[in-house]
Amino acid sequence: MKNRYYKNDINITIRLLIVLCVALVFLVYITVKTTGNIATVFAPTKELPIYSVETPDKKISISFDAAWGDEYTNEILDTLDKYKIKSTFFLVDFWVEKFPEHVKEIAKRGHDVENHSTTHPNMSQLSEEKIAEELNTVGKKIEDLTGKKPTLFRPPFGDYNDLVIQTARKNGYYTIQWDVDSLDWKEFGVQPVVDRVTRNVRNGSIVLFHNNAKYIKEYLPLVIERLQEDGYEIVPISELIYKENFIMDNTGRQILQK
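Residues numbered from 1 in each chain as written. Predicted model: local features only at pLDDT ≥ 70, side-chain atom pairs only at ≥ 80, totals over all residues. Heavy atoms only, no water.

Turning to helix 8 (residues 190–200), its buried residues number three or more, namely Val193, Val194, Asp195, Val197 and Thr198. Buried residues belonging to helix 8 abut strand 7 (180–181), strand 8 (206–210) and helix 9 (216–229). (Buried < 20%, exposed > 50% of the residue type's maximum accessible area, 1.4 Å probe, protein only. Helix = DSSP H or I, 4+ residues; strand = E, 2+ residues; numbered from the N terminus. Contact = heavy atoms within 4.5 Å.)

What follows covers the packing of aromatic side chains. Under the counting rule described, the total for this entry stands at five aromatic pairs. Geometrically, the ring pair formed by Trp68 and Phe94 is tilted, given 5.8 Å between the ring centres and 35° between the ring planes. Here Trp68 is found in the loop between strand 2 (59–66) and helix 3 (73–82), whereas its partner Phe94 is found in helix 4 (residues 93–98), with 26 residues between them in sequence. By relative accessible area, which is 35% here, Phe94 ends up partly exposed. Three or more aromatic residues joined by ring pairs form one cluster here, namely Phe64, Phe89, Phe209 and Tyr219. Over the aromatic face of Tyr232 sits the side chain of Lys58, whose NZ or CZ is 4.4 Å from the ring centroid. (Phe/Tyr/Trp six-rings, centres within 6.5 Å; stacked < 30°, edge-to-face > 60°. Lys NZ or Arg CZ within 6 Å of the ring centre and 35° of its normal.)

Among soluble globular proteins, nonpolar side chains are generally buried collectively. By size, the foremost hydrophobic cluster in this structure holds 36 residues, and its most contacted members are Phe64, Leu91, Phe209, Tyr219 and Leu220. If you tally residues by element for this core, the top one is helix 9, at six residues. Those residues in contact with Phe209 that lie beyond four places of it in its chain are Ile62, Ser63, Phe64, Asp65, Ser182, Asp184, Val193, Val197, Tyr219, Leu220 and Val223. (Core = buried A, V, L, I, M, F, W, Y, C linked by side-chain atoms within 4.5 Å.)

On average, residues of the protein chain carry a pLDDT of 89, and 83% of them reach 70 or more. Predicted confidence is poor over residues 27–44, with pLDDT under 50, and the contacts of this stretch with residues over four places away or in other chains come to 15 contacts. (pLDDT = per-residue confidence, 0-100.)

As a packed pair, helix 8 and helix 9 sit with axes 9 Å apart at the nearest point and diverge in direction by 30°. With respect to their mutual orientation, helix 8 and helix 9 come out roughly parallel. Considering the relative orientation of helix 8 and helix 9, their crossing is right-handed. Contacts between helix 8 and helix 9 involve Val190, Gln191, Val193, Val194, Asp195, Val197 and Thr198 from the first element and Glu218, Tyr219, Leu222, Val223, Arg226 and Leu227 from the second. Its residues assigned to classes, the contact of helix 8 with helix 9 shows eight nonpolar, two polar and three charged. (Axes fitted to C-alpha atoms, helices over the stretch in contact; angles between N-to-C directions. Parallel < 35°, antiparallel > 145°, perpendicular 65-115°, else oblique. Left-handed = near helix turned anticlockwise from the far one by under 90°. Nonpolar A, V, L, I, M, F, W, Y, C, P; charged D, E, K, R; others polar.)

Time to look at helix 5 (residues 100–108). Among the residues of helix 5, those classed as buried are His102, Val103 and Ile106. Projection of helix 5 onto a plane perpendicular to its axis shows the buried side chains occupying an angular sector of 105°, all on one side. Opposite the buried face of helix 5, at more than 90 degrees from it, the exposed residues are Glu101 and Lys108. Summarising the contacts, the buried residues of helix 5 are in contact with helix 3, strand 3 (88–91), helix 4, strand 4 (112–115) and helix 6 (128–146). In the stretch just after helix 5, Gly110 is the one whose phi turns positive, near 90°. (Arc of directions from axis to C-beta.)

Now for the side chain of Asn211. Structurally, Asn211 is set in the loop between strand 8 and helix 9. The class of Asn211 is buried, set by a relative accessible area of 2%. A distance of 3.5 Å separates the side chain of Asn211 from the side chain of Thr73, its partner in a polar contact. Once residues within four sequence positions are removed from consideration, Asn211 is found in contact with Phe64, Asp65, Ala66, Ala67, Gly69, Asp70, Tyr72, Thr73, Ile76, Trp95 and Ile216. (Polar contact = N/O pair within 3.5 Å; in protein donor to acceptor, adjacent residues only side chain to side chain.)

Taken as a whole, this structure holds 13 salt bridges when the rule is applied. Of the charged contacts, one joins Glu47 and Arg169 as a salt bridge, the two residues approaching to 2.8 Å between their closest N and O atoms. In this pair, Glu47 is assigned in the loop between helix 2 (39–42) and strand 1 (52–53) and Arg169 in helix 7 (residues 162–170), connecting sequence segments 122 residues apart. The class for Arg169 is partly exposed, based on a relative accessible area of 47%. For Arg109, the salt bridge goes to Asp81, with nearest N and O atoms at 2.8 Å. With Arg109 in the loop between helix 5 and strand 4 and Asp81 in helix 3, this residue pair connects regions lying 28 residues apart in the sequence. Look at Arg109 and you get buried, because its relative accessible area is 18%. A relative accessible area of 33% means that Asp81 is categorised as partly exposed. Salt bridges linked by common partners bring Asp78, Asp81, Glu105 and Arg109 together as one network. (Salt bridge = Lys/Arg side-chain N within 4 Å of Asp/Glu carboxyl O.)

Below, the structure written as structure tokens:
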């Protein structure tokens, strides 16, 4: 009698395993049919900012974080004008406060003027209320100066967690990182920046520069010329990213759903 019950338990277990396997296969089938990406089935639920964009076009964006000085801002704007390029600037509140005329000039020349926080903190260490305050304090000042509310947010130090991205989204922001870091702040010189950027870009890349990097007047024209020679069109991040109907892969690459 005991043997018969034991066999029944094994049979029930086997049947349950079969049902679970069938359910998993069905889930994989539905997901692949919907997204074309089997990795989506097993992808973590962790929120990711936008590091780059999947696109067949040779389009990229270059961006400038402005958190300290403004010594080279006019030269940067003149260089961008010379090559007929529109870019994206991420501004911290105390930079906005100190250089309001530059904020207006960046906007006047047709560039994205976006949010880089109020006090430049490690955002992942803040509560939802404090994150929203970091976003909205400087966001309101940028809107007052330019007439346009920023919609892109770059976390200081590239530091984020799920709450940061979710709170940014609630407040009308896409969280933006980068997939090509110029490392210009390390002051290695001109050629290392040119080589690092031009060797690592691909379709949909977002490049990180800093507006007050030491050699920016020298390397920026060289980088732009090389990128244009390679056939890349340089556009603002607001034009590069998808605003809806997209998914993210596990590298933070934005993929349009068709």
